[in-house]
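The lines below spell out each chain.
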Amino acid sequence: MQRGSATTHFGFHQVPIDDKQALVDDVFRNVAGRYDLMNDLMSGGLHRAWKDALVTAVNPPAGERRFALLDLAGGTGDIAARVIKAGGAGTRVTVLDINPEMIEVGRARVQQHALAVTFIEGNAEALPLRDGSFDAVTIAFGIRNLSRIETALAEAHRVLRIGGRFLCLEFSTVDVPGLDALYDFYSFNLIPALGGVVTGDAQAYRYLVESIRRFPAPEALARMMREAGFARVSFERMTAGVVALHSGWRL
Ligand code: SAM
């Protein structure tokens, strides 16, 4: 295939769209071993409450009833472990992630706790999965790393069964006067420094902060979801807009 001239953003840099994935892969390869620890440190543990809100929305059934969840960009399996814990014996989670180092950390976690989780190394923009094969599809803090968000949304819609739900948890836009300046100071100064000390890669966490600022506002993401075919699209801001949880259905 011929390389196109389209560009996208990698943090605050504009890069050829075909180059972004390798840059993102470098980020997660470097931080995989310390990824979960860094989430706790930089969010003061708040990421647990945000992820719990996502799991509550997924609402896996109790008991034997079969429930298949696909967690896109599922990394170290944190969402998968939480959904398995919340659901009954019929709950199965497939984690798809492009990064083998993140998956390796995830596999060690599910083996340690004997969880019903399957890992697939793959790209959220081209899912190696059958149409209509999942009851729910989630993506947590993953969508802003993708090069082609519209393509991934269409793929998520394709693999959902009719009546299935898509949920997206992602950093968003803080627009509370006063708090936004404090949040900027924390984000641009403290997070990269903390990332440097804990993972040895301050640049990875500079990318994280910049990518949050470049990510579409909640209304724009909701519009993209509708364009991908999702119905009854809604979103909820949490923690003064630090994160947003989007929901849409395949009808
Ligand atoms: N969902 C996990 C969580 O909440 O802890 C991990 C989120 S982590 C910030 C972003 C993940 O997106 C990384 O594991 C990265 O490898 C993955 N990723 C990036 N590009 C991807 C792609 N094109 N397809 C699938 N996964 C991708």
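What you see is a predicted model; the values in this text were computed from it and never measured.

## A closer look at the sheet that holds strand 4 (residues 91-97)
Inference 1: The 7 strands lie next to each other as 5-4-3-6-7-9-8, forming an open sheet whose pairing is mixed. Edge positions in the open sheet fall to strand 5 (117-121) and strand 8 (231-238), since each of these has one partner strand only. Each adjacent strand pair in this sheet contributes to an overall mean axis angle of 15°, direction not counted.
Inference 2: Sheet analysis places strand 8 next to strand 9 (residues 243-249), joined by 6 bridges and oriented antiparallel. Note that in strand 9 the partner of R237 across the bridge is A244.
Inference 3: Here helix 5 (residues 100-113) sits on the sheet and contacts strand 4 and strand 5; the angle it forms with strand 5, its principal contact strand, is near 170°.

## Considerations on the nonpolar core
For soluble globular proteins, nonpolar side chains are generally found buried alongside one another.
Inference 1: Residues W50, V93, V117, L169, F171, Y205 and V243 are the most contacted members of the largest nonpolar core, which totals 48 residues.
Inference 2: Considering every element that reaches this core, the biggest residue donor is helix 8 (residues 202-214), with 6 residues.
Inference 3: The contact partners of V93, leaving out residues within four places of it in the chain, are L69, D71, A80, V83, I84, A116, V117 and T118.
Inference 4: Counting residues in hydrophobic clusters, the runner-up holds 29 residues, among them A124, F134, F215 and A228.

## Overview of the site of the ligand
Inference 1: Taken together, 19 residues form the shell around the ligand, and within it Q21, A73, D97, N123 and A140 come nearest.
Inference 2: For the ligand, a nitrogen atom lies 2.9 Å from a polar atom in the side chain of Q21.
Inference 3: Here a nitrogen atom of the ligand and a side-chain polar atom of N123 are 2.8 Å apart.
Inference 4: Element by element, the count of residues in the shell around the ligand is highest for helix 1 (residues 17-31), at 3 residues.

## Some thoughts on unusual backbone geometry
Inference 1: Positive phi values are uncommon outside glycine, yet A73 reaches one of about 50°.
Inference 2: Relative to the assigned elements, A73 resides in the loop between strand 3 (67-72) and helix 4 (78-86).
Inference 3: You can call A73 partly exposed: its relative accessible area is 24%.
Inference 4: At F141, a position not held by glycine, the phi torsion is positive, near 55°.
Inference 5: With respect to the element layout, F141 can be found in the loop between strand 6 (134-140) and helix 6 (149-159).
Inference 6: Under the relative-accessibility criterion, F141 is labelled buried at 9%.

## Regarding the packing of helix 2 (residues 35-43) against helix 3 (residues 46-58)
Inference 1: Interhelical geometry of helix 2 versus helix 3 gives an angle of 105° and a closest axis separation of 7 Å. Judged by the inter-axis angle, helix 2 sits roughly perpendicular to helix 3. When helix 2 is examined against helix 3, the residues N39, D40 and S43 are found in contact with a partner set consisting of L46, H47, R48, W50 and K51.
Inference 2: Residues of the contact of helix 2 with helix 3, tallied by class, amount to 2 nonpolar, 3 polar and 3 charged.

## A look at the pattern of salt bridges
Close approach of charged atoms allows side chains with opposite charge to pair.
Inference 1: Evaluation of the coordinates by the stated rule reveals 16 salt bridges.
Inference 2: The residue D18 makes a salt bridge to R148 at a minimum N-O spacing of 2.7 Å. Here D18 is found in helix 1, whereas its partner R148 is found in the loop between strand 6 and helix 6, with 130 residues between them in sequence.
Inference 3: The exposure class of R148 is partly exposed, given its relative accessible area of 28%.
Inference 4: Where E170 meets R144, a salt bridge forms, and the shortest distance between an N and an O atom there is 2.5 Å. Taken together, the positions of E170 in strand 7 (residues 160-171) and R144 in the loop between strand 6 and helix 6 put the pair 26 residues apart, joining distant regions of the chain. The two residues E170 and R144 agree in class, both being buried.

The rules behind these values
Residues numbered from 1 in each chain as written. Predicted model: local features only at pLDDT ≥ 70, side-chain atom pairs only at ≥ 80, totals over all residues. Heavy atoms only, no water. Pairing = 2+ DSSP bridges. Helix = DSSP H or I, 4+ residues; strand = E, 2+ residues; numbered from the N terminus. Axes fitted to C-alpha atoms, helices over the stretch in contact; angles between N-to-C directions. Contact = heavy atoms within 4.5 Å. Core = buried A, V, L, I, M, F, W, Y, C linked by side-chain atoms within 4.5 Å. Buried < 20%, exposed > 50% of the residue type's maximum accessible area, 1.4 Å probe, protein only. Near = heavy atom within 4 Å. Polar contact = N/O pair within 3.5 Å; in protein donor to acceptor, adjacent residues only side chain to side chain. Parallel < 35°, antiparallel > 145°, perpendicular 65-115°, else oblique. Nonpolar A, V, L, I, M, F, W, Y, C, P; charged D, E, K, R; others polar. Salt bridge = Lys/Arg side-chain N within 4 Å of Asp/Glu carboxyl O.

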